[in-house]
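# Structural characterization, general
The lines below spell out each chain.
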There are 4 protein chains.
Amino acid sequence: MEKKNKTISYVKKVEVAFSDIDALHIVWHGKYVKYFEDAREGFGKKYGFSYMDFYNHGFMTPLVDLQLSYKKMVEYGENLSVHITYVPVDAAKIIFTYKIFNETDDIVCIGKTVQVMTSVSKELIFVNPPFIQEWKKKWLTK
Amino acid sequence: MEKKNKTISYVKKVEVAFSDIDALHIVWHGKYVKYFEDAREGFGKKYGFSYMDFYNHGFMTPLVDLQLSYKKMVEYGENLSVHITYVPVDAAKIIFTYKIFNETDDIVCIGKTVQVMTSVSKELIFVNPPFIQEWKKKWLTK
Amino acid sequence: MEKKNKTISYVKKVEVAFSDIDALHIVWHGKYVKYFEDAREGFGKKYGFSYMDFYNHGFMTPLVDLQLSYKKMVEYGENLSVHITYVPVDAAKIIFTYKIFNETDDIVCIGKTVQVMTSVSKELIFVNPPFIQEWKKKWLTK
Amino acid sequence: MEKKNKTISYVKKVEVAFSDIDALHIVWHGKYVKYFEDAREGFGKKYGFSYMDFYNHGFMTPLVDLQLSYKKMVEYGENLSVHITYVPVDAAKIIFTYKIFNETDDIVCIGKTVQVMTSVSKELIFVNPPFIQEWKKKWLTK
């Protein structure tokens with residue numbers, strides 16, 4: 001019997017700031033890492049899945065993998081929508097995918113992050129702690 | 001008859017600054033993008049392959065792909081060595097791989113960047129311009 | 001006969017992001033420079049006084065003076081209001097003052113910026129160009 | 001009877017990186033805050049006066065005042081020298097002044113920072129703790 005999950009996601013609006021652009025007059029590629037993080041924060045607030053939610057349960061969630069593909073240059077003054085989607089996995093990992101659109105709905109960047117869980121003393125956790133299992137039941141069950 | 005290229009690389013020393021670390025007291029994952037860029041700049045200066053060298057020939061080299069894998073958390077005060085290696089390809093692309101080591105020679109991060117070439121008016125270039133072909137002959141031929 | 005100007009100002013809302021805080025778990029002091037810039041951008045858009053408005057008239061407006069006084073530490077998750085006010089002067093300078101409030105209306109930071117005007121070739125301008133005089137007439141006259 | 005202190009200072013070398021420059025092709029004004037911090041770190045290491053030295057004694061040293069005056073635009077590829085000087089005061093404050101020079105010994109930026117001391121629970125300290133008094137005796141007495 002097939003198990004199906006709900007897809008949960010969030011959209012973060014980003015206004016490209018003057019200090020986001022580099023000498024080529026396009027958004028500096030490193031800034032997208034911050035846009036992804038801002039989207040994760042928005043997702044975390046919406047779904048009770050933020051850094052602080054984890055920290056209060058005794059966990060940290062460091063990134064172990066980060067991928068970005070840049071599809072279109074973005075200039076000063078553009079408004080972007082960062083779409084973040086949670087990718088369910090059984091392992092004790094947190095995976096998100098990202099799609100960033102400009103105002104004319106062109107994809108400008110796609111990406112993916114993988115986070116692991118550690119104790120606050122930075123020991124890796126291999127099994128999802130109970131509060132994550134409850135969180136999954138609450139949000140992902142159809 | 002097999003063609004073999006020389007491997008050219010560069011090592012950039014990085015001292016982790018207070019403002020590189022985040023609230024978890026480890027280097028913020030986005031900072032590594034800057035460490036990679038600093039290594040590319042050092043490589044560019046050493047081999048005549050910098051942003052400005054390209055720009056002076058009428059080209060820009062935006063990133064289209066960025067991958068990072070974090071292997072070990074890095075703390076304030078650590079000294080890192082960013083090893084950057086040029087990966088020869090026939091296409092009009094610039095590929096680098098990266099390995100970052102701490103002082104005890106643990107790998108803390110590996111990564112890869114792919115850049116394309118455009119004209120200064122941001123039109124994509126599909127064939128390596130002559131100055132790149134000369135650069136390759138000069139530096140990569142065994 | 002006394003000349004009186006209208007006071008024009010703008011309020012920029014800022015949500016403190018995870019990457020804004022430092023290892024002491026407070027907003028890194030350098031981030032406020034960005035909050036000020038974001039407020040100037042918002043002001044610029046509202047009143048037709050942005051970097052691009054100047055650039056399109058052939059001018060740049062580099063900062064020559066920046067002052068910040070920190071009154072209260074700010075933590076992750078706080079929401080700030082950056083109040084920016086234009087300070088009229090006769091000289092060819094652009095002066096803003098800033099007050100940043102937290103959600104309980106405590107002042108957390110005050111500051112001031114002074115910008116000069118240059119041509120795009122970076123020559124200092126000593127007399128306000130006509131478009132600035134018109135702008136002042138439009139917005140500051142009571 | 002006049003008390004005279006020795007002047008202690010440190011010079012931090014900074015290479016302007018591509019990501020330090022903004023769309024106007026000059027160093028973004030906010031980057032100088034980081035250059036100042038890097039100089040404080042270098043000073044701290046040289047004289048046993050770093051964030052960590054304070055932290056290990058139970059103190060934090062947040063900035064309460066920051067002033068910068070920009071004297072000359074700085075471009076990509078320039079090499080800067082950040083001169084930091086400790087300004088002795090009797091109060092429980094830490095004051096530094098800064099002068100940044102380019103390669104032709106022009107002053108490009110001057111500035112000042114004021115830090116206070118707090119306990120790790122962020123309570124303000126009004127009297128210099130003993131380790132500071134010893135530090136002053138060691139380094140400042142002629």
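See the structure shown above.
Below is a short write-up of the structure. Everything numeric in this text was worked out from a predicted model, so none of it was measured.

## Regarding the overall build of chain A
In terms of regular secondary structure, chain A is built from 3 helices and 7 strands. Its helices and strands taken in sequence order, chain A reads β-α-α-β-β-β-β-β-β-α from the N to the C terminus. Taken over the C-alpha atoms alone, chain A extends approximately 45 × 40 × 20 Å along its principal axes. Relative to its full complement of 142 residues, chain A shows a buried share of 54%.

## Side note on the interface of chain C and chain B
Contact with chain C, which involves 8 residues of that partner, is made by 8 residues of chain B. Taken together, both faces of the contact between chain C and chain B bury some 670 Å²; the carbon and sulfur share is 74%. Linking chain C with chain B are 0 salt bridges. Counting across the chain C and chain B interface gives 2 residue pairs in polar contact (both at pLDDT 80 or more). A class-by-class count of the residues in the side of chain C that touches chain B yields 5 nonpolar, 2 polar and 1 charged.

## Looking at the relation of the copies chain C and chain B
At an RMSD of 0.0 Å, chain C and chain B line up after a rotation of 180 degrees and a shift of 0.0 Å along the axis. Within this description, the copies of the chain are treated as partners about a two-fold rotation axis. When C-alpha positions in chain C are compared against the rotation axis, the closest is assigned to C:Ala23, at 2.2 Å. Interface overlap between copies: 100% of the residues of chain C at the interface are likewise at the interface in chain B, consistent with a symmetric, same-surface contact.

## A short note on a nonpolar patch on the surface
Together, A:Met52, A:Tyr55 and A:Val120 make up an exposed nonpolar region whose accessible area comes to about 260 Å². Looking at the element boundaries, A:Met52 is found in helix H2 (residues 51-56).

## Quick look at the sheet that holds strand S4 (residues 79-87) of chain B
Spatially, the 10 strands line up as an open sheet ordered S1(A)-S4(A)-S5(A)-S6(A)-S3(A)-S3(B)-S6(B)-S5(B)-S4(B)-S1(B), and their pairing is antiparallel. What marks the edges here is a single partner per strand, and that holds for strand S1 (9-15) of chain A together with strand S1 (9-15) of chain B. With strand direction ignored, the average angle separating the axes of adjacent strands in the sheet is 15 degrees. Note: strand S4 (residues 79-87) of chain A against strand S5 (residues 93-101) of chain A, 7 bridges, orientation antiparallel.

## Concerning the interface of chain A and chain B
Listed as interface residues are 24 residues of chain A and, on the opposing side, 24 residues of chain B. In total, about 2200 Å² of surface goes out of reach between chain A and chain B, with carbon and sulfur atoms giving 67% of it. Counting every contact that joins chain A to chain B gives 2 salt bridges. Measuring nitrogen to oxygen at the nearest pair gives 3.7 Å for the salt bridge that ties A:Lys122 to B:Glu75. Joining chain A to chain B, the criterion identifies 10 residue pairs in polar contact (both at pLDDT 80 or more). Looking at the side of chain A that touches chain B, the elements with two or more residues in it are helix H1 (31-47) and strand S3 (63-70) of chain A. If you tally residues by element for the side of chain A that touches chain B, the top one is S3(A), at 8 residues.

## Description of the environment of B:Val27
Residues and elements named next belong to chain B. With respect to the secondary-structure elements, Val27 resides in the loop between S1 and helix H1 (31-47). Using a relative accessible area of 4% as the deciding quantity, one classes Val27 as buried. For the pair formed by Val27 and Lys122, sequence separation is 95 residues and the distance between their alpha carbons is 34 Å. Ignoring any residue separated from it by four or fewer positions in sequence, one finds Val27 in contact with Val16, Asp20, Ile21, Tyr32, Tyr35 and Val74.

## Details of the environment of C:Ile84
Residues and elements named next belong to chain C. Position of Ile84 among the secondary structure elements: in strand S4 (residues 79-87). Overall, the relative accessible area of 0% leaves Ile84 in the buried class. In this structure the C-alpha to C-alpha distance between Ile84 and Lys71, which are 13 residues apart in sequence, comes to 17 Å. Dropping the residues within four chain positions of it, Ile84 is found in contact with Ile8, Ser9, Tyr10, Ala39, Arg40, Phe43, Phe96, Thr97 and Tyr98.

## Section: helix H3 (residues 130-140) of chain C
Residues and elements named next belong to chain C. Within H3, the full set of buried residues consists of Phe131, Ile132, Trp135, Lys136 and Leu140. Relative to the axis of H3, the buried residues are bounded by an arc of 140 degrees and lie together on one face. Of the residues in H3, the exposed ones pointing more than 90 degrees away from the buried face are Pro130, Glu134, Lys137 and Lys138. Of the surrounding secondary structure, the elements contacted by the buried residues of H3 are helix H1 (31-47), helix H2 (51-56), strand S2 (59-60) and S4.

## Side note on unusual backbone geometry
We note that B:Asp105 has phi near 65 degrees; this positive angle belongs to a residue other than glycine. In this structure, B:Asp105 sits in the loop between strand S5 (93-101) and strand S6 (107-116). Given the relative accessible area of 59%, B:Asp105 is considered exposed. Located in the positive-phi region is D:Lys122, a residue other than glycine, with phi close to 70 degrees. As for its position among the elements, D:Lys122 is in the loop between strand S7 (118-119) and helix H3 (130-140). A relative accessible area of 27% means that D:Lys122 is categorised as partly exposed.

## Some remarks on the relation of the copies chain A and chain B
When chain A is fitted to chain B, the best match, at an RMSD of 0.0 Å, comes from turning it 180 degrees and sliding it 0.0 Å along the axis. Both copies present the same face, since 100% of the interface residues in chain A are matched by interface residues at the equivalent positions in chain B.

## Describing the pairing of strand S6 (residues 107-116) of chain D
Residues and elements named next belong to chain D. Counting buried positions along S6 yields 7 of 10 residues, so the element is predominantly enclosed. The pairing of strand S3 (residues 63-70) with S6 spans 7 bridges and is antiparallel. Note on S6: the bridge partner recorded for Leu63 is Gln115. One ladder, built from 9 bridges, connects strand S5 (residues 93-101) with S6; its direction is antiparallel. By the bridge assignment for S6, Phe101 is matched with Ile107. Counting the residues that bridge the hairpin from S5 to S6 gives 5 residues, and of these Asp105 lies at a positive phi of roughly 65 degrees.

## Considerations on the side chain of C:His29
Checked against the element boundaries, C:His29 lands in the loop between strand S1 (9-15) and H1. Judged by its relative accessible area of 9%, C:His29 falls in the buried class. Those residues in contact with C:His29 that lie beyond four places of it in its chain are C:Tyr70, D:Val33, D:Glu37, D:Arg40, D:Leu63 and D:Leu66.

What counts, and where the lines are drawn
Residues numbered from 1 in each chain as written. Chains lettered and ligands numbered in written order. Predicted model: local features only at pLDDT ≥ 70, side-chain atom pairs only at ≥ 80, totals over all residues. Heavy atoms only, no water. Helix = DSSP H or I, 4+ residues; strand = E, 2+ residues; numbered from the N terminus. Buried < 20%, exposed > 50% of the residue type's maximum accessible area, 1.4 Å probe, protein only. Contact = heavy atoms within 4.5 Å. Buried area = accessible area lost by both parts, 1.4 Å probe. Salt bridge = Lys/Arg side-chain N within 4 Å of Asp/Glu carboxyl O. Polar contact = N/O pair within 3.5 Å; in protein donor to acceptor, adjacent residues only side chain to side chain. Nonpolar A, V, L, I, M, F, W, Y, C, P; charged D, E, K, R; others polar. Least-squares fit on C-alpha atoms with pLDDT ≥ 70 in both. Patch = residues over 30% accessible without salt bridge, like charges linked within 9 Å, V, L, I, M, F, W, Y side chains within 5 Å. Areas by Shrake-Rupley, 256 points an atom, 1.4 Å probe, with all protein chains shown as cover. Pairing = 2+ DSSP bridges. Axes fitted to C-alpha atoms, helices over the stretch in contact; angles between N-to-C directions. Arc of directions from axis to C-beta.

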